[in-house]
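A look at the structure
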Amino acid sequence: MPVTYRLAKDFNVAANIIRAQVAPNQIGKLVVELSGDIDQLDAAIEWMRSQEIGVSSSSREIVIDEESCVHCGLCTGVCPTEALTLDPTTFRLAFARSRCIVCEQCVATCPVEAISVNL
Amino acid sequence: MLNPLQQTVLQLGLYLFTGSLESVLAYLDLLLPTCMRTIAEINEKIQQQKAVVWTVEELKARVVEQGIAAVAKQVDVITTGTFEPMEASGAILNLGHTDPPIKIRRCWLDGVPAYSGFGAVDLFLGAAQSTETPEGEEPRELGGGHVIEALIGGKTVHLRALGQVTDCYPRASFETTITRDTINQFYLFNPRNLYQNFIVGVNGGDRLLHTYLGPLQPRLGNAVYSNPGAIAPLFNDPKLQLVGVGTRIFLGGGIGYITWEGTQHFPLQKRLPNQTPIGPAATLALIGDAKQMSTRWVRGCYFKHYGPSLMLGVGVPFPVLTEEVVAHCAVQDQDLVAPVVDFSIPRRVRPTFGLVSYAQLKSGRIQIEGKPVRVAPLASIYLSRQVATELKAWIEAGEFTLTEAVAPITSDRTFLPQDVWGSQMVMD
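Residues numbered from 1 in each chain as written. Chains lettered and ligands numbered in written order. Predicted model: local features only at pLDDT ≥ 70, side-chain atom pairs only at ≥ 80, totals over all residues. Heavy atoms only, no water.

What follows is about the domain arrangement of chain B. Residue and element names in this part refer to chain B. Segmentation of chain B into domains returns domain 1 (78-88 + 188-411) and domain 2 (96-183). Put simply, the middle of domain 1 and the middle of domain 2, counted by C-alpha atoms, are 30 Å apart. Tallying the contact residues gives 17 residues for domain 1 and 17 residues for domain 2. Of the roughly 1,400 Å² buried where domain 1 meets domain 2, counting both sides, 64% is carbon and sulfur surface. Contact with domain 2 buries area across many residues of domain 1, yet K291, Y302 and P308 alone supply 38% of it, more than any other trio. Between the two partners, domain 1 and domain 2, sit 2 salt bridges. (Domains from an automatic or database assignment. Contact = heavy atoms within 4.5 Å. Buried area = accessible area lost by both parts, 1.4 Å probe. Salt bridge = Lys/Arg side-chain N within 4 Å of Asp/Glu carboxyl O.)

Set out below in structure tokens:
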């Protein structure tokens, strides 16, 4: 089913495909960013569910690879909300997810590529 | 003027002349506390697993409780460590000869150029060397540091070499994959490591700067320091009295040695009354077998829009020969300073905003011109501590003994800038 076509045509909802895992005659997974009128979005999601498409919402999240992180703390200096801090005693990196606004400045700052965005 | 030894001999001579054995013994007793134990005695205790070994942080805490003299009586060895980017590092590799043989003149390891202008199959791979990317391709954030880490981690690395054809080396090119087990020598030979102090970088300009200290945000948006302060090896031996050529150390998880003064070694830097330098000062050249090392302590890294580097764990043990050793190692973060340097002026001599203490830096915030600025370290204080702890464990287990230095590290090297020498053309 041409899902993104129907979303655009029937609901005027733009679907920006972030990740797709679709094979012929198999159940696939599509990560899409939907933008449009709020009522149209609700109607679009309702329509998808009626077509037996499982829909779950997700938000972008910062993920820290504990194996790669060297706890240098360079990211703590660019984090605008202080979601990333160094523990004052152990000097281990601490991440307060609730404070993170996913500005992603830490991703580019990390010298060992230990920080990525999960979606 | 008599030197101290002449004075001692004269004094002893006088006591002997006056015939009082007690006064001779009393005088010798006065001399004794200056040397509490020798390295040979400490090594004997290490081999019997009886040596008392403390990390420098344990030592600092105990000096606060008990004082220098009491602590000096108890402890034999103090371990220090750091884990920070050290881009003036690199690896020597010897590939072994091919058949027919090749004299390599250009070489790439995973696309990173390695220097080959010496032995036929000898290579030097610099940690800060960037990968070469074919035109039109996005440059990969990969460099010599990453290739060194991959080899240490036992991974396979692609090698491409071009040779100069001679009668004794007829081969023109060679392509293969190598691991650390399929090459002969593989050792780190780092011309400049272990900076005794460094700077704090800030950006007083109005655009984001990408530097070797990472991103510096405009209008004093952040500050970055890169030395772990009071736990760093050379802050605890400010005059380099306990290290020299031949000193055995912890390098990247294996055993290494100090080979020479480092490049840009500048022991004449201005110093505080506690003899620690107020900015970049002494440096050391280090060597060590990379085949013994571990990727836990040797990590390739990349600073966006600056380039690749290598994060390296280095640990240095200090023998407690005198109380003075303990006095130096008792130094705290509030007694150490670094200059705040403005990177927005892209010149050799950049303006500074004065000195700040490492205690202020580690608090995560400093004041610059009345404005609070967030500070982040670039050295991993967490892993620096683990280096000192790991080295302590080696010594306690009797696996690592201390060495006498073969030669001292020079203490009067000046630091020359490269200016335009000679007459300059003047246009009237």
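Contacts between the two partners involve 26 residues from chain A and, on the opposite side, 27 residues from chain B. In total, chain A and chain B occlude about 2,000 Å² of area from one another, counting both sides; carbon and sulfur atoms represent 55% of this. When the buried area of chain A at its contact with chain B is split by residue, V70, L74 and F91 of chain A rank highest and sum to 29% of it. The tally of links from chain A across to chain B stands at 2 salt bridges. Between R365 of chain B and E82 of chain A there is a salt bridge, with its nearest N and O atoms 2.8 Å apart. If you look at where chain A meets chain B, you find 13 residue pairs in polar contact (both at pLDDT 80 or more). For the side of chain A that touches chain B, the secondary structure elements donating two or more residues are β4 (84-86) and α3 (105-109) of chain A. Considered class by class, the residues forming the side of chain A that touches chain B number 12 nonpolar, 10 polar and 4 charged. (Polar contact = N/O pair within 3.5 Å; in protein donor to acceptor, adjacent residues only side chain to side chain. Helix = DSSP H or I, 4+ residues; strand = E, 2+ residues; numbered from the N terminus. Nonpolar A, V, L, I, M, F, W, Y, C, P; charged D, E, K, R; others polar.)

Tallying each qualifying case throughout the model produces 12 aromatic pairs over all chains. Each ring, one from F11 of chain A and one from W47 of chain A, has its centre 5.9 Å from the other, and the planes form 45°; the classification is tilted. One end of the pair, F11 of chain A, is in helix α1 (residues 3-11); the other, W47 of chain A, is in helix α2 (residues 38-50), with 36 residues separating them in the sequence. Like W47 of chain A, F11 of chain A is buried. By way of ring pairs, the aromatic residues Y195, F198, Y212, Y306 and F343 of chain B are connected into one cluster. We note R62 of chain B situated over the ring of W54 of chain B; from NZ or CZ to the ring centre the distance is 4.2 Å. Over the ring of W108 of chain B we find R160 of chain B, and its NZ or CZ is 4.2 Å from the ring centre. (Phe/Tyr/Trp six-rings, centres within 6.5 Å; stacked < 30°, edge-to-face > 60°. Buried < 20%, exposed > 50% of the residue type's maximum accessible area, 1.4 Å probe, protein only. Lys NZ or Arg CZ within 6 Å of the ring centre and 35° of its normal.)

Residue and element names in this part refer to chain B. With respect to the helices, strands and loops of the structure, P317 is situated in strand β19 (residues 307-319). In this structure, the C-alpha to C-alpha distance between P317 and T403, residues 86 residues apart in sequence, is 9.6 Å. Setting aside its immediate chain neighbours within four residues, P317 contacts V77, I78, T79, R248, I249, L391, I395, F400 and L402.

Here the focus is the sheet that holds strand β7 (residues 157-163) of chain B. Residue and element names in this part refer to chain B. The 4 strands are arranged β5-β4-β7-β8 in an open sheet whose pairing can be described as antiparallel. Whereas interior strands pair on both sides, the edge strands pair on one side only; in this sheet they are β5 (112-114) and β8 (173-178). Averaged over neighbouring strand pairs, the angle between their axes works out to 25° when direction is ignored. Of the pairings in the sheet, the one linking strand β4 (residues 104-109) to β5 comprises 3 bridges and is antiparallel in character. Pairing of L109 across the sheet is with V112, part of β5. Packing of helix α6 (residues 144-152) onto the sheet brings it into contact with β4, β5, β7 and β8, and relative to β7 it is tilted by some 120°. (Pairing = 2+ DSSP bridges. Axes fitted to C-alpha atoms, helices over the stretch in contact; angles between N-to-C directions.)

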